[in-house]
Amino acid sequence: MSDDLKALKALLQDTPAPDAEKKHENIALAEKNFADLQGSRDGARPTSETKPKRGWLNTGVRALLNSLTTRGALAATTSVATLGLVVFVLLPQGGSEGFLPKKAKAPEDVSTAIATEEMAAESEPTLQYLEAPKEGQLEILEQVQPAPRASVAADRMMATGGANGQIRPVHPIANFEDHNISRPMPEFDADGETYANEAPNPLKVTREEPVSTFSIDVDTASYSIIRSSLTNGYLPDPEAVRIEEMINYFPYNYPAPAGDVPFQQTVTMIETPWNPDTSLVHIGIQGEMPVIDNRPPLNLVFLVDTSGSMNQPDKLPLLKQSFRLMLGQLRPEDQVAIVAYAGSAGEVLAPTAASESSKILAALDQLESGGGTAGEAGLEQAYAIAETMQKDGEVSRVLLATDGDFNVGISDPDALESFIKTKRDSGTYLSVLGFGRGNLNDATMQALAQHGNGQAAYIDTLAEAQKSLVDQLTGALYPIANDVKIQVEFNPATVAEYRLIGYETRILNREDFNNDKVDAGDIGAGHSVTAIYEITPVGSPAVKVETLRYSDESAAEFVPSDEMGFLKLRFKRPGETTSELLETPINRNEVNGNDDVRFSAAIAGFGQLLRDDTYLSDWGWDEAIALANGAKGQDEFGYRAEAVTLMRLAKSLQGK
Amino acid sequence: METDDETLALAAANGDGEAFGLLLRRHYDRLFGLCCRLAGNTTEAEDLTQDICAALPAKLANFRGDAKFTTWLYRVAINASHDRRRRRATHARAANNWGDWELNRVAENEEAAQQSDWLATAISTLPVELRDTVILILGEELTQAQAGEILSVSEGTIAWRMSEVKKHLRAYHQKEGYP
């Protein structure tokens, strides 16, 4: 490439990044126009005839010619005919393309060109391509053909014109401005969906980095988002796939804690379904289920987003139904308040005992959507109300229901986070319920719930509301352990490499484990949490990273042992500020695993197939489906059967 | 790992709003980049992008899946830029735009600024079809075949146009005495 072209390329490549606000406005505009178009579809939708391709010449122009009566056109016809025009045609090198005209035999054909031109372009100089004729590239065709033939493989017509020999291809599709170009800006401000995710966890070499530390995560939003995408016929955005949330979506029957600790950890080692030469270390944590009858009264503040964007069947109406379901599960002594935020925040229902259900239901029904969203103003009010409701020993929680938009007030997740952190320390927690698709701001949802010691759930169906709000009511609302951190130290003598599947957004620094100031995830009553490592034993043919030639090879310093690693858990009891430590060795003992273990492995595979299947080699959908199907177990609520259905859907969508 | 553009585009052409949104988000940045190259300055590029976004739903109703979606989108964008230029701008103004953009953008590096400014002016003097071609080939890094499909000309024409661009730049050099 010449230097000129190189410089030109550099210049052309250096374009500014799109402005985020403009982007969001433009996408919103396009989506509004799209929606409008659907409304008036029959009228607005052009037929295929309006975008002429080959057939155009035979239909449109013929018709045009038949009705061609304007004086100018007729004059042109005549004058051109009398000129005895010689017609040039451009035959580009190597191309079979080209409108093959004939010598100006029939005037009507020339008028075709002129008329077409007049139709397509009011001001000709800018519309035409002025192809600089090059010597040797032009041929004068003297041959006579019966009719213009468009042997054009593309959708423009080259027509011949003027006695000056210019060759003018005319763009018949240059009718762009016929469409609604400058529509006014729409009122709503969807920002598109934003997801919180990190690159998949890389493979770690035990010798170099033996310790893996992360925070537990009991969110389930990612699974519901994936389900919503798949049932609508799309593969989800890989960024929306958080594997640990998929795994933790399902209830598992891990051994319940005995004794004083609030949860029990169980470690199982099984053969990796997708790689016979590696193993999965499966860590299942089961939270205790306190006797429900004795639970302290709940103080719930529903903070409901009633912005304009919530006005869709799967948003506000579904939210109302969900809350109705949940009300049935509350005790007479529980308290409920409702705050709406839409432009200005407002208390819809003052704290009311759950026994007065008709009053609460009436207030719920009053909620209507409309106006902009001021997330923070509503949040402040909800927290203020929650604080007035709180008595000693009681749990207060704000339940924020939104489609994810916080576009007035603090829209910066960091600022919102710090607000919620402060409130969390004063004893009010926050859970976030996401509704609807389109402008779901997953990143903000995550940030809020994570810092409010709560759960982020995405509610796409009433069944999901039943699961998140009713079946797991106590868990979602009643924490039993805070800041639960997991640290695994692998033994370099037995484990060559390892990788944590999922938890990308929850990774902690090694030193954070013992630092009680560092926040981490919380476990609610009866919650189970699962973490899975894929490990490659020393000497396995699956070892990916070779040992260094010059590194210290004195493996003898490691005591050969059956210990693959050592699991440490830290947690705080609710209200405490210092953590307690639990420790368990991970022994080499590969077993078949029960249904729970195998099902969670299948879901780990499912997640990787959706996100990044680097480590799966040829293990695919069929294997994932078979594994999940064989490990459904009791499946009381049909969650696992649903997962298998989703895998089948994903398989056909991916076309594999 | 994701649904291909053509499937989404056909779904959108049949009225699927979610598919439309997904598709537009997937291609917005690329579209904006192309608009910058076509328009020559950021302000114009933003207006052009907005025009395209506004009209895209109606355009997409015509998408039949006989070309790749990206090819189709490039075509729509280029036609829109022609329309816009026709409606709004004279050739001279377009030339100024390139110059302004450059002057504002790269002031910190004198030499580079000079070079770019020269090029920017040079681009603005190219005939429209050469400019479109050079934007697709150098700016978007498409192959000659892809560019040909978008502009509805043969590969050979694209090759010839690129050689014309080279000639044009050389001639511009000599005339303007740079460097």
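Counting starts from 1 at the beginning of each chain's written sequence and moves along it residue by residue. Here the convention is simple: chains get letters from A, ligands get numbers from 1, in the order in which they are written. Where local features are concerned, this predicted model is filtered to residues with pLDDT of at least 70; where side-chain atom pairs are given and counted, the filter is 80 or more; whole-chain, interface and lining totals use all residues.

What to know about the overall build of chain B
Put simply, the rule reads: Secondary structure elements are defined from DSSP: runs of H or I of at least 4 residues count as helices, runs of E of at least 2 residues count as strands, and each element is numbered from the N terminus. Around each residue's C-beta, the other C-beta atoms within 10 Å are counted; 20 or more make the residue buried, 12 or fewer make it exposed, and counts in between make it partly exposed. All C-beta atoms are placed from the backbone. Contact between two residues is assigned whenever their backbone-derived C-beta positions fall within 7 Å.
Each helix and strand counted, chain B has 9 helices and 0 strands in total. Listing every helix and strand of chain B by position from the N terminus yields α-α-α-α-α-α-α-α-α. Counting all 179 residues of chain B, 53% fall into the buried class. Of the contacts formed within chain B by residues at least 6 apart in sequence, a portion of 58% connects residues at least 24 apart.

Here's the deal with unusual backbone geometry
Residue A:Tyr503 is not a glycine yet carries a positive backbone phi of 65 degrees. By secondary structure assignment, the location of A:Tyr503 is in the loop between β18 (495-501) and β19 (521-524). The phi torsion at B:Glu141 lies on the positive side, around 55 degrees, for a residue other than glycine. Mapped onto the fold, B:Glu141 is located in the loop between α7 (128-139) and α8 (144-151).

Here's the deal with the packing of helix α17 (residues 595-611) of chain A against helix α18 (residues 621-629) of chain A
All names here are of chain A. Operational definition: Axes here refer to lines fitted to C-alpha atoms; in helices the fit is confined to the stretch in contact. Angles between the N-to-C directions go from 0 to 180 degrees. Note on angle classes: values under 35 degrees are labelled roughly parallel, values over 145 roughly antiparallel, values of 65 to 115 roughly perpendicular, and the remainder oblique. Should the near helix be turned anticlockwise from the far one by less than a right angle, the crossing is left-handed, and should it be turned clockwise, the crossing is right-handed. Classification used: nonpolar for Ala, Val, Leu, Ile, Met, Phe, Trp, Tyr, Cys and Pro, charged for Asp, Glu, Lys and Arg, polar for all others including Gly.
The geometry of α17 relative to α18 is characterised by a closest axis approach of 8 Å and an angle of 155 degrees between their N-to-C directions. Compared by their axis directions, α17 and α18 come out roughly antiparallel. In this structure, α17 crosses over α18, and the sense of that crossing is left-handed. In this structure, α17 contributes Arg598, Phe599, Ala601, Ala602, Gly605, Phe606 and Leu609 to the contact, and α18 contributes Trp621, Ala624, Leu627 and Ala628. Grouping the constituent residues of the contact of α17 with α18 by class yields 9 nonpolar, 1 polar and 1 charged.

Describing the sheet that holds strand β9 (residues 263-272) of chain A
Residues and elements named next belong to chain A. Short version of the rule: For two strands to be treated as a pair, DSSP must find at least two bridges joining them.
With mixed pairing, 6 strands are arranged side by side in an open sheet as β7-β18-β20-β10-β9-β23. The two strands at the open ends of the sheet, each matched to only one other strand, are β7 (204-205) and β23 (590-591). Across 8 bridges, the pairing between strand β10 (residues 275-287) and strand β20 (residues 528-537) is antiparallel. The partner of Val281 across the bridge, within β20, is Tyr533.

A short note on the packing of helix α1 (residues 5-13) of chain B against helix α2 (residues 17-39) of chain B
Packed helices, taken two at a time, are described by the angle their axes make and the gap between the axes. Residues and elements named next belong to chain B. Across the interface, α1 lies against α2 with an axial gap of 7 Å and an inter-helix angle of 135 degrees. Taken together, the axes of α1 and α2 lie oblique to each other. When you trace α1 past α2, the crossing you get is left-handed. Residues Asp5, Leu8, Ala9, Ala11 and Ala12 of α1 touch α2, and the partners they reach there are Ala19, Phe20, Leu22 and Leu23. When the residues that make up the contact of α1 with α2 are grouped by side-chain class, the tally is 8 nonpolar, no polar and 1 charged.

What about the nonpolar core?
Applied cut-off: The nonpolar core criterion groups buried Ala, Val, Leu, Ile, Met, Phe, Trp, Tyr and Cys residues into a set whenever they are joined through C-beta atoms within 7 Å.
Residues A:Val301, A:Phe302, A:Leu303, A:Ala628, B:Cys35 and B:Ala77 are the most contacted members of the largest nonpolar core, which totals 182 residues. At 13 residues, the largest contribution of residues to this core is made by α2(B). Once residues lying within four places of it in the same chain are set aside, the contact partners of A:Ala628 are A:Phe599, A:Ala602, A:Arg640, A:Ala643, A:Val644 and A:Met647.

Observations regarding the pairing of β10(A)
Residues and elements named next belong to chain A. Counting buried residues along β10, 10 of its 13 residues qualify, which places the element largely inside the surrounding structure. Sheet analysis places β9 next to β10, joined by 10 bridges and oriented antiparallel. Residue pairing for β10: Gln264 is matched across the bridge by Gln286. The antiparallel hairpin formed by β9 and β10 contains 2 residues in its connecting segment.

Quick notes on the confidence of the model for chain A
This is how it is decided: The predictor attaches a confidence to each residue, called pLDDT, with possible values from 0 through 100.
Chain-level statistics for chain A give a pLDDT mean of 72 and a share of 67% at 70 or above. In this model residues 41-191 of chain A is a low-confidence stretch, pLDDT under 50, and it forms 222 contacts with partners more than four residues away in sequence or in other chains.

What about the environment of B:Thr3?
One can find B:Thr3 in the segment before α1. For the pair B:Thr3 and B:Leu23, spaced 20 residues apart in sequence, the C-alpha to C-alpha distance is 9.8 Å. Excluding residues that lie within four positions of it along the chain, B:Thr3 makes contacts with A:Tyr234, A:Leu235, A:Leu653 and B:Leu8.

So, the environment of A:Ala362
Considering the arrangement of structural elements, one finds A:Ala362 in helix α11 (residues 357-366). Placed 13 residues apart in sequence, A:Ala362 and A:Leu349 show a C-alpha to C-alpha distance of 9.5 Å.

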